[in-house]
Amino acid sequence: MTPFERPPVGMNLGRTAKLVAQAFDAALVEAGGTLPVWLTLLSVKSSELANQRELAGMIGIQGATLTHHLNAMEAQGLLTRRRDPVNRRVHLVELTQAGEALFETLRQAALAFDKRLRTGLPDERLAEFAQVLAALRDNVES
């Protein structure tokens, strides 16, 4: 017997989110990447010549953590960094050809994973699910 009439929403959501995140991480690793690499590539690709501060904000990590990832990715030849000619304190980040290729590979892996998640779920249920998630976020933020 559990101490709850039914599992708490947060517990159920947390367990499911963890399982989905682990499966997504595994799909990215199988495709030759990691979640931090994917998020960095996606963020750079989504904004032309993004600076490091903007990238950290888009990814949701601290600047020092991003610097660690960027150093590794630059050493792997996935991106370049250069100083902004207007503001020398700012580094601009761009994908290399290898970065573009890995972005496309990981994009395909992300699309395949999303298709797997959506299996058996009609668009109407997914739209309702998005509304429920938005309501949960609102409840947490208020």
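On a predicted model such as this, the values are computed, not experimentally measured, just so you know. (Residues numbered from 1 in each chain as written. Predicted model: local features only at pLDDT ≥ 70, side-chain atom pairs only at ≥ 80, totals over all residues. Heavy atoms only, no water.)

### A word on helix α1 (residues 9-30)
For α1, with 22 residues, the first-to-last C-alpha span of 31 Å sits near the 32 Å given by 1.5 Å per residue. Following α1 by one or two positions, Gly32 has its phi on the positive side, about 100°. (Helix = DSSP H or I, 4+ residues; strand = E, 2+ residues; numbered from the N terminus. Expected span 1.5 Å × (residues − 1).)

### Quick notes on helix α5 (residues 97-118)
Here α5 contains 22 residues, and its C-alpha end-to-end distance of 32 Å stays within 8% of the 32 Å for a straight helix at 1.5 Å per residue. Within the span of α5, buried status applies to Gly99, Leu102, Phe103, Leu106, Ala109, Ala110 and Phe113. Taken end-on, α5 shows its buried residues confined to a sector of 135°, consistent with a single buried face. The exposed set on the far side of α5, more than 90 degrees from its buried face, consists of Gln97 and Lys115. In this fold, the buried residues of α5 make contact with α1, α2 (35-46) and β3 (91-95). (Buried < 20%, exposed > 50% of the residue type's maximum accessible area, 1.4 Å probe, protein only. Arc of directions from axis to C-beta. Contact = heavy atoms within 4.5 Å.)

### Looking at the confidence of the model for the protein chain
For any part of a model where pLDDT is low, the fine detail of the predicted coordinates should not be relied upon. Mean pLDDT for the protein chain: 90, with 96% of residues reaching 70 or above. Mean pLDDT values for the elements of the protein chain range from 68 in strand β1 (residues 50-51) up to 98 in α5. (pLDDT = per-residue confidence, 0-100.)

### Examining the pattern of salt bridges
Overall, the coordinates contain 5 salt bridges when judged by the stated rule. Where Glu100 meets Lys45, a salt bridge forms, and the shortest distance between an N and an O atom there is 2.6 Å. Residue Glu100 is located in helix α5, and its partner Lys45 is located in helix α2; the two are separated by 55 residues in the primary sequence. Given a relative accessible area of 40%, Lys45 falls into the partly exposed group. Here Arg107 ties to Glu104 by a salt bridge, and the two come within 3.0 Å at their closest N and O atoms. On the criterion of helical spacing, the pair formed by Arg107 and Glu104 is a turn pair, its members being 3 residues apart in helix α5. Among the residues examined, Glu104 registers a relative accessible area of 33% and is labelled partly exposed. (Salt bridge = Lys/Arg side-chain N within 4 Å of Asp/Glu carboxyl O.)

### Concerning the nonpolar core
Within the largest apolar cluster, 21 residues are counted, with the highest numbers of intra-cluster contacts made by Trp38, Leu41 and Leu106. Counting residues per element, the ones that place at least two in this core are α1, α2, α3 (52-59), α4 (63-75), β3 and α5. A total of 5 residues in this core trace back to one element, the largest contributor, which is α5. The residues contacting Trp38, other than those within four sequence positions of it, are Phe24, Leu28, Phe103, Leu106, Arg107 and Ala110. (Core = buried A, V, L, I, M, F, W, Y, C linked by side-chain atoms within 4.5 Å.)

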